Amino acid sequence: LGETPLLPVQEARQRLLSHFHPKDSVLVPLDQCAGRVLAQPVVSALDLPPFPNSSMDGFAVRSADIASAQPDSPSTLKVVGDAPAGNVVDLVLQPGQAVRIMTGAPLVQGADAVLPVEDTDFNYRQPGVPAPEQVLALRPVSAGDNIRPAGQDVRRGETVLQPGKRLRPQDLGMLAMMGMAQVPVYARPRVAIFSTGDELVPVDQPLAPGKIHDANTYTLVALVESVGAEAVPLGIARDREDEVQAVLDRAVEQGVDLILSSAGVSVGAFDFVRMVVEEHGHLEFWKLDMRPGKPLTFGQYRDVPFVGLPGNPVAAYVGFQVFVHPALSKLGGTGGVERTERRVVLQEPIESDGRESYLRAVVKEQDGRLLASLTGHQGSGNLRSLVQANAFLFVPSGVKSLRAGAEATAWLFGDLA
Ligand code: AMP
Ligand code: MG
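My aim in this report is to walk through the structure given alongside it, one point at a time. (Residues numbered from 1 in each chain as written. Chains lettered and ligands numbered in written order. Predicted model: local features only at pLDDT ≥ 70, side-chain atom pairs only at ≥ 80, totals over all residues. Heavy atoms only, no water.)

## As for the packing of helix α3 (residues 216-226) against helix α6 (residues 313-332)
Let me state the cut-off plainly: The axes are straight lines fitted to the C-alpha atoms, using for helices just the contacting stretch, and the angles between their N-to-C directions are given from 0 to 180°. Only DSSP runs of H or I with at least four residues qualify as helices, and only runs of E with at least two residues qualify as strands; both kinds are numbered from the N terminus onward. An angle below 35 degrees is treated as roughly parallel, one above 145 as roughly antiparallel, one from 65 to 115 as roughly perpendicular, and anything else as oblique. For a crossing to be left-handed, the near helix must be turned anticlockwise from the far one by less than a right angle; the clockwise case is right-handed. Here, two residues are considered to be in contact whenever any of their heavy atoms come within 4.5 Å of each other. Under the scheme applied here, ten amino acids are nonpolar (Ala, Val, Leu, Ile, Met, Phe, Trp, Tyr, Cys and Pro), four are charged (Asp, Glu, Lys and Arg), and all others, including Gly, are polar.
At a closest axis distance of 11 Å, the pairing of α3 and α6 adopts a crossing angle of 25°. One finds that α3 runs roughly parallel with respect to α6. Here α3 runs over α6; the crossing is right-handed. Note on element contacts: α6 touches α3 through P313, A316, Y317, F320, Q321 and L328, opposite N216, T219, L220, L223 and V224. Within the contact of α3 with α6, the residues separate by chemical class into eight nonpolar, three polar and no charged.

Here it is as structure tokens:
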């Protein structure tokens, strides 16, 4: 009573996402395109394969010449040429003739089929063996047999890849086949990351009394990179107005698309981040209907979008996944984030305080059902619960308890246990 109502997660996410738009498209050399996001449809300028070619090692023939060939009454053909891959044989096959041909070699003019070596008396494929002067066909072939026509895989003018797609290894091969040395992809979002707190020391420095190692920098840098964005880590700002402002200004100088901080956004006496952002920009501070991660700060610092995540490591992680990941997806051109959600059966009763909750759980498969158990202490500072988890157990807003055996939704982020 008297408190501001908690903002629903879905509404907060929509408000945040309305501030992000896909970055410009840039041309990137194909060998640097793995994992990049295609920015335009790719229309093939070529037929693939570009020319009719053999799908077997054998002999290019006129099928009519060997229509009656059988092992006990073979047809004899005169071998008038040799067609390795990569060369065009400059002749027109006449009746009674054959050309030795390799897989991938252009079909010889006048031929309408390829007779595999296995169906001849010349079943030799060792390197360096010269073509014979004549060959016995032991079986017939039909017109078109063992020929890959031009355009069988892709026809010129066809759209092969759609924009918004993260390029996989096989997509790069396809782009190479189409001769695309430069590929239009979305520019990668750049994200400045810093931690705040007098208690934080970098991982490579010893802990003095009262200090802890900065964990969030490492988690957040890895999260940013895992979604295809570029992380610009800026270290730790102490709980002083000038230090917080200095690190924010460094972020702006770096020309980033988003500034991401953790901690210092509560209402504590040493939480300067909100104050500094508000002085030099615009701030929306939300109390979210969410657990963990109730306080989330969003705004602009000198016109650069800013997200202030909670300091507790589990809350920072959840805040990233629920808010920052979708924002980076939108910036990076992939649009939405596909969560792997499954219905699971609870192995234990669950209590919640009625906020939309993301509990750390292990999901395993047993007898065709997915079973979920919590991973230890669920405090938002207990990172071990997240280390042991392969899923978030999702408890909707308004639900305060679920009994053992009840069904719930899990958001899987690792392999099943
Ligand atoms: P704060 O939001 O500053 O009140 O921080 C909340 C809690 O998160 C405190 O226990 C902090 O010590 C902890 N914390 C803040 N930043 C980090 C960090 N980068 N790594 C690990 N713990 C942190
Ligand atoms: Mg603090």
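## A look at the side chain of R36
We apply this condition: For every residue, the accessible area obtained with a 1.4 Å probe (protein chains only) is divided by the maximum for its type, and the residue is called buried under 20%, exposed over 50%, and partly exposed between those limits. Residues scored as charged are limited to Lys and Arg (positive) and Asp and Glu (negative), so that His and the chain ends carry no count. By salt bridge we mean one thing: a side-chain nitrogen of Lys or Arg within 4 Å of a carboxyl oxygen of Asp or Glu. Polar contact is the term for a pair of N or O atoms within 3.5 Å; when the atoms are in protein, one must be able to donate a hydrogen and the other to accept it, and sequence-neighboring residues count only if both atoms are side-chain atoms.
Residue placement: R36 occurs in the loop between β1 (25-29) and β2 (42-43). Comment: no salt bridge for buried R36; closest opposite-charge side chain is E230, at 8.0 Å. Polar contacts involving the side chain of R36 include one to the main-chain carbonyl oxygen of Y186, which spans 2.9 Å. Not counting chain neighbours up to four residues away, the residues in contact with R36 comprise V26, V28, K165, R166, L167, V185, Y186, A187 and R188.

## Some words on the sheet that holds strand β8 (residues 134-137)
We apply this condition: Two strands make a pair as long as DSSP finds a minimum of two bridges between them.
Sheet architecture is open: five strands sit in the order β7-β4-β6-β5-β8, paired in mixed fashion. Lying at the two open borders of the sheet, with one neighbouring strand each, are β7 (113-116) and β8. The average undirected angle you get between the axes of adjacent strands in this sheet is 40°. Where strand β5 (residues 75-83) meets β8, four bridges bridge the pair, whose relative direction is antiparallel. Of the residues in β8, the one forming a bridge with L77 is V135.

## Regarding the site of ligand 1
Quick note on the threshold: Residues are classed as near a molecule or strand on a simple rule: at least one heavy atom within 4 Å of it. The accessible surface values rely on the Shrake-Rupley method and a 1.4 Å probe; as for residues, cover is taken only from the protein chains in view.
Neighbouring ligand 1 are 14 residues, the closest being E199, D214, A215, G264 and G311. Between N312 and ligand 1, the recorded distance is 3.1 Å, taken from a backbone N or O atom to an oxygen atom. In isolation ligand 1 offers 490 Å² of accessible surface; the protein chains occlude 76% of this area. Its residues placed into classes, the shell around ligand 1 shows five nonpolar, seven polar and two charged.

## Structural notes on the sheet that holds strand β17 (residues 281-287)
The sheet built from six strands is open, its strands ordered β15-β12-β16-β20-β19-β17 with mixed pairing. Where the open sheet ends on each side, the last strands, each with one partner, are β15 (230-237) and β17. Taking each pair of neighbouring strands and ignoring which way they run, the sheet shows an average axis angle of 20°. Note that strand β12 (residues 190-196) and β15 share six bridges and pair parallel. Across the sheet, the residue bridging to A192 is V232, located in β15. Docked against the sheet, α3 engages β12, β15, β16 (258-262) and β20 (304-309), running at close to 165° with respect to β12. Sitting on the sheet, α6 touches β12, β16, β19 (295-301) and β20, and the angle it makes with β20 is about 160°.

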